[in-house]
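Residue strings, one per chain:
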Amino acid sequence: SKNFPKGTKLADIEDWVSVDRAPDDMKMEFEGRTLSIRGNFLRNVDYTISVNPGLEAIDGTFLDKGINQKHRFSANEPYLSIPAFDATQISSGQKRFEIATGNIETVRVRVKLLEGNELPYALRGYETYGNRSRTLTYDLVPGRTAYEKTFTTKKALDESEIFTVNWKEVLGGKNAGAAFIHVEGVSKSGVKKRVTLASQALIQISDIGIVTKLGRDNALIFAFSHETGEPLAGVDLNIIDRDNRPL
């Protein structure tokens, strides 16, 4: 936990520190109290880092006993990430939903389109998703499956990868809609423990934006176009309670 003496050069400490089975491209760098050892180290191989006694610190003291410490490099933990759990995407945009992964072998994507009364019911059920620690059972979510695809990684271990769902494929030619998306990823064999990760989102693709002003006895609701910013005429508005009954 001490710095090296002032004026110390890398050549002054290279003879004191060694790594057995070191790769050919290994190099050392140091600054202040930190010595960094870099190189193309292999995963799941035990390396022993040795520091010989006699190494001097900035206060003039010396290391009285040698240090031998083993270290093993493992693959990073797998991850699967989606851009939002519930959101609205503008229908005039790119219509893309990106799934970011790392150390994932396959990603299975299933999407249900929600129409009519299915959307309010799905929204109610989705509220139980809560802190995202437990996913909803896909088959219990209303709607019909409009999209299902399994992506397979093309990246090496510890390289990130993005898979993209195109809403045009999901919507089947329509320009707007609501969808429940369920994503499952199976980790690669090179990670410490094989796991299946899952995430879900409820996405509405629409050009309609809503601005509300609530008073004590009334409410003003304005509909506008996200693309143009202009007001929209002829928009149907339905207000329902939690049991899906019109108010």
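Structure: above.
The following paragraphs examine the structure supplied in this document. Source: prediction; values computed, not measured.

1. Here's the deal with the nonpolar core
Residues Phe97, Ile99, Val109 and Trp167 are the most contacted members of the largest nonpolar core, which totals 32 residues. Residue assignment for this core shows that the elements contributing at least two residues are β8 (96–102), β9 (104–114), α2 (118–126), β10 (144–152), β11 (160–166), α3 (167–171), β12 (177–187) and β13 (196–206). Those residues in contact with isoleucine 99 that sit more than four places away from it in its chain are Leu80, Ser81, Ile82, Val107, Val109, Glu161, Ile162, Phe163, Val165 and Val183. Among the nonpolar cores identified, the runner-up in size contains six residues, and Val17, Met28, Val51 and Leu55 belong to it.

2. Details of the side chain of serine 187
Positionally, serine 187 belongs in strand β12. A relative accessible area of 0% means that serine 187 is categorised as buried. Looking at serine 187, its side chain comes within polar contact range of the main-chain nitrogen of valine 195, at 2.8 Å. Not counting residues within four places of it along the chain, the set of residues in contact with serine 187 comprises Pro78, Asn103, Ile104, Glu105, Lys193, Arg194 and Val195.

3. A few points about the layout of surface pockets
Looking at the largest pocket, its volume works out to about 1,200 Å³. The wall of the largest pocket is formed by 31 residues, among which Leu119, Gln204, Asp236, Leu237 and Asn238 lie closest to the centre. Within the residue set of the lining of the largest pocket, elements represented by two or more residues are β9, α2, β12, β13 and β14 (208–214). With four residues, α2 is the single largest residue contributor to the lining of the largest pocket. Taken together, the residues that form the lining of the largest pocket break down as 17 nonpolar, 10 polar and four charged.

4. A look at the pattern of salt bridges
Evaluated as defined, the whole model comprises nine salt bridges. Close ionic contact of glutamate 29 with lysine 27 constitutes a salt bridge, the shortest N to O distance being 3.6 Å. Lysine 27 sits in the partly exposed class, given a relative accessible area of 47%. With a shortest N-O distance of 3.0 Å, aspartate 241 and arginine 245 are connected by a salt bridge. On the accessibility criterion, aspartate 241 (19% relative accessible area) is buried. Beyond isolated ion pairs, a larger network of salt bridges with shared partners links Lys27, Glu29 and Arg38.

5. Describing the pairing of β13
Bridge count between strand β7 (residues 86–90) and β13: five bridges; the pairing is parallel. Following the sheet pairing, isoleucine 90 is matched in β13 by serine 206. Inspection of the sheet shows β12 paired to β13 by 10 bridges, in the antiparallel sense. Pairing of glycine 185 across the sheet is with leucine 197, part of β13.

6. Focus on the packing of aromatic side chains
The full count for this structure, using the stated rule, is six aromatic pairs. Taking the centre distance of 6.1 Å and the plane angle of 70° together, the rings of tyrosine 47 and phenylalanine 73 count as edge-to-face. Within this pair, whereas tyrosine 47 is found in strand β4 (residues 46–51), its partner phenylalanine 73 is found in the loop between β5 (67–72) and β6 (79–81), the two being separated by 26 residues in sequence. Classification of phenylalanine 73 by relative accessible area gives partly exposed; the value is 31%.

7. Brief notes about the sheet that holds β9
The five strands are arranged β7-β13-β12-β9-β10 in an open sheet whose pairing can be described as mixed. Looking at strand neighbours, the two that pair on one side only are β7 and β10, the edges of this open sheet. Across this sheet, the average inter-strand angle for adjacent strands is 25°, counted without regard to direction. One ladder, built from eight bridges, connects β9 with β10; its direction is antiparallel. By the bridge assignment, arginine 108 is partnered in β10 with threonine 150. In the packing of α2 onto the sheet, the strands contacted are β7, β9, β12 and β13, and the crossing angle to β13 comes to about 140°.

The rules behind these values
- Residues numbered from 1 in each chain as written.
- Predicted model: local features only at pLDDT ≥ 70, side-chain atom pairs only at ≥ 80, totals over all residues.
- Heavy atoms only, no water.
- Core = buried A, V, L, I, M, F, W, Y, C linked by side-chain atoms within 4.5 Å.
- Buried < 20%, exposed > 50% of the residue type's maximum accessible area, 1.4 Å probe, protein only.
- Helix = DSSP H or I, 4+ residues; strand = E, 2+ residues; numbered from the N terminus.
- Contact = heavy atoms within 4.5 Å.
- Polar contact = N/O pair within 3.5 Å; in protein donor to acceptor, adjacent residues only side chain to side chain.
- 1 Å grid on protein atoms, 1.4 Å probe; cavity = no way out; pocket = protein on both sides within 12 Å on 5 of 7 lines; lining within 4 Å.
- Points joined across faces, edges and corners; volume = space filled by probe spheres on them.
- Nonpolar A, V, L, I, M, F, W, Y, C, P; charged D, E, K, R; others polar.
- Salt bridge = Lys/Arg side-chain N within 4 Å of Asp/Glu carboxyl O.
- Pairing = 2+ DSSP bridges.
- Phe/Tyr/Trp six-rings, centres within 6.5 Å; stacked < 30°, edge-to-face > 60°.
- Axes fitted to C-alpha atoms, helices over the stretch in contact; angles between N-to-C directions.

So far we have only geometry, and geometry alone does not tell us how the molecule works.
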